[in-house]
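Structural features, examined
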Amino acid sequence: MKLKSQINHVIENAFSKAGIPHKAMSVSEATKAEFGDYQFNGAMALSKKLGKNPREIANDIINHLDVTGLLSKVEIAGPGFINIWLNPLFVASECQLAVESERLNIAQRENPSKVVVDYSGPNMAKQMHVGHLRSTIIGDTLANLLHFLGDEVTRQNHIGDWGTQFGMLIAYLEMKDEDGSVSLKNLEIFYKDAKAEFDANPKFADKAREYVVKIQSGDAHCLTLWQKFIDISLGHCEEVYHKLNVNLSRKDVRAESFYNDDLSHVVSDLEKAGLLTQSQGAKCVFLEGDEIPVIIQKGDGGYLYATTDLAALRFRAKNLEADRICYVVDARQAGHFKQVFKVAKNAHFVDEKVKLEHIAFGTMMDKGGKPFKTRDGGTIKLIDLLDEAVNKAKDTINNKEQYTQEEIDALAKIIGIGAVKYADLSINRESNYIFNWDKMLSFEGNTSLYMQYAYARIQSIFRKYNAPINGKIIIGDALEHHLAVMLLRFEDMLNRTAIDASPNQLSTYLYELATLFMRFYEQNPILKEGINITEETKESRLALANLTAKTIKQGLDILGIEVVDKL
Ligand code: ARG
């Protein structure tokens, strides 16, 4: 339920009735329980404009406020804050609707947008490394979230499958074995070996250069080899996606090479638009206020990363009809995207109203605050990191005796992968962050395990109860009220997270919710021996627990993290 906009509506009505001119205004979540559920702080800002004391304005609003139905109480505090309490009956009935609904009573957008989310985008010549982790999971979360809210989402995996290095790689593939499956098992080694051969063997180097020209001119033999190379390489990535529980498949791949035929048109269209300038033999676009030009085509005819991105952007705007295009890419490429977006708008490759967003993220660091590397300074392969996470997760499983080996393996996967993802998704994406195994695999603090544990704990209550959970929600004490309002905030928070493309707002919410539930459960036991509560109270608490579990599950699902019934 869009709680805030409903409260805003009531406030706006009061303004109208009081005859105070107003624009759209918004309440905010109360910072402390004693301030109610929501606060309206707008009276202060209006005071100057209206030439009135803010408390007077607040009073005016309160006097015209409809406190039936949605609200139960309002109070003026301090210089003119309005503290707002929601009506427990309203809160209870909304929670009831949520728990009984398939999608927690969260609306699908009435006017869905067409959103392209560009994420992962590994380069085919190399194995995926930890640097690709962030783009892959932040992008996947964003795509999951927008899809859940009802947007039409197109996931695009802009893989790097084109460039001069492929001449060397396919020449080496041909030299080693036709099949490729053996020598390409480890891409990192394959790449190193090919490079060593290239440096040591002039004949091979010539062949590699010859192959670059040949693939570019569409030579069938070379293209077949290239295709094989890409297939195997992409297969490695898909293994990672599968392990990561990420929703990317072959159909989402629209590789750099897809745009090859359009690159000459990009150049001629920029030319026609009068945007191209020759500079030192290259064709460039000079942007106002930017000293560094965007190189579109080199003197030797070669195209660049930006050229392909311009073609891709145009394709997304024109063919995929996107209203919003999100590029989930390392913050270090900010300059590139700024330029590409500007050129695309200047050249009318994309309508002014299409939102182009670089969803930038920082770097993953080791404990010492340095970029994450292996002990000998090499890049850490993502697949190794994930396997390590699963191994470490095995140690955290309690009472192993009660599980079969298979169950332990399955559980460790869910816990380990969840921990790596959650640790990343729970921090502000723009900051760098320190990768810390102990912290991410802890049952305490803002971790996936804490969330999975809260969920499993609720399931264990249900197992003990062993009857259908379909009682009526009644709001009893303040803590119950607080928990219920928190649950109703879910939709507002998701919408905010979608606008800001900031998964950490979702994880922060989940953490607060789980923590609140644990407090609630300690103070308001449900099935404990010897407690004296009515059947109705018990059933209501069970229903609230149910809505909490469903909300945690839905939230984690958007983050691409699974839950378990027992932990
Ligand atoms: N392959 C690029 C890299 O590894 C990422 C691609 C991002 N997407 C894009 N449209 N440029 O840096």
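What you see is a predicted model; the values in this text were computed from it and never measured.

Applying the stated criterion across every chain yields a total of 18 aromatic pairs. Ring geometry for Tyr172 and Phe190: centres 5.2 Å apart, planes at 65 degrees, overall edge-to-face. With Tyr172 in helix H6 (residues 165-176) and Phe190 in helix H7 (residues 187-200), this pair connects stretches of sequence that are 18 residues apart. Note on Tyr172: relative accessible area 6%, which makes it buried. Between the aromatic rings of Tyr327 and Phe341, the centroid separation amounts to 5.4 Å while the plane-to-plane angle is 50 degrees, which identifies the pairing as tilted. Highlighted residues: Tyr327 in strand S10 (residues 324-330) and Phe341 in helix H12 (residues 334-346), separated in sequence by 14 residues.

Within the element layout of this structure, Asn504 appears in helix H19 (residues 503-523). Setting aside anything within four residues of it in sequence, one finds Asn504 in contact with Leu425, Ser426, Ile427 and Asn428.

Below, the discussion takes up the site of the ligand. As a structural note, the neighbourhood of the ligand is formed by Asp118, Gly121, Asn123, His158, Tyr305, Asp309, Tyr327, Val329, Gln333 and Phe337. Separating a nitrogen atom of the ligand from a side-chain N or O atom of Asn123 is a distance of 2.8 Å. Those elements that place two or more of their residues in the shell around the ligand are helix H11 (305-318) and S10. Here the shell around the ligand is composed, by residue class, of four nonpolar, four polar and two charged.

The end-to-end C-alpha separation of H12 is 18 Å, in line with the 18 Å expected for 13 residues at 1.5 Å each. Among the residues making up H12, those that are buried are His336, Phe337, Gln339, Val340, Phe341, Val343, Ala344 and Lys345. Contacts from the buried residues of H12 go to helix H10 (263-272), strand S8 (282-285), strand S9 (294-297), H11, S10 and strand S11 (355-361). Looking one or two residues beyond H12, the residue adopting positive phi is His348, at roughly 55 degrees.

Rules of the game
Residues numbered from 1 in each chain as written. Predicted model: local features only at pLDDT ≥ 70, side-chain atom pairs only at ≥ 80, totals over all residues. Heavy atoms only, no water. Phe/Tyr/Trp six-rings, centres within 6.5 Å; stacked < 30°, edge-to-face > 60°. Helix = DSSP H or I, 4+ residues; strand = E, 2+ residues; numbered from the N terminus. Buried < 20%, exposed > 50% of the residue type's maximum accessible area, 1.4 Å probe, protein only. Contact = heavy atoms within 4.5 Å. Near = heavy atom within 4 Å. Polar contact = N/O pair within 3.5 Å; in protein donor to acceptor, adjacent residues only side chain to side chain. Nonpolar A, V, L, I, M, F, W, Y, C, P; charged D, E, K, R; others polar. Expected span 1.5 Å × (residues − 1).

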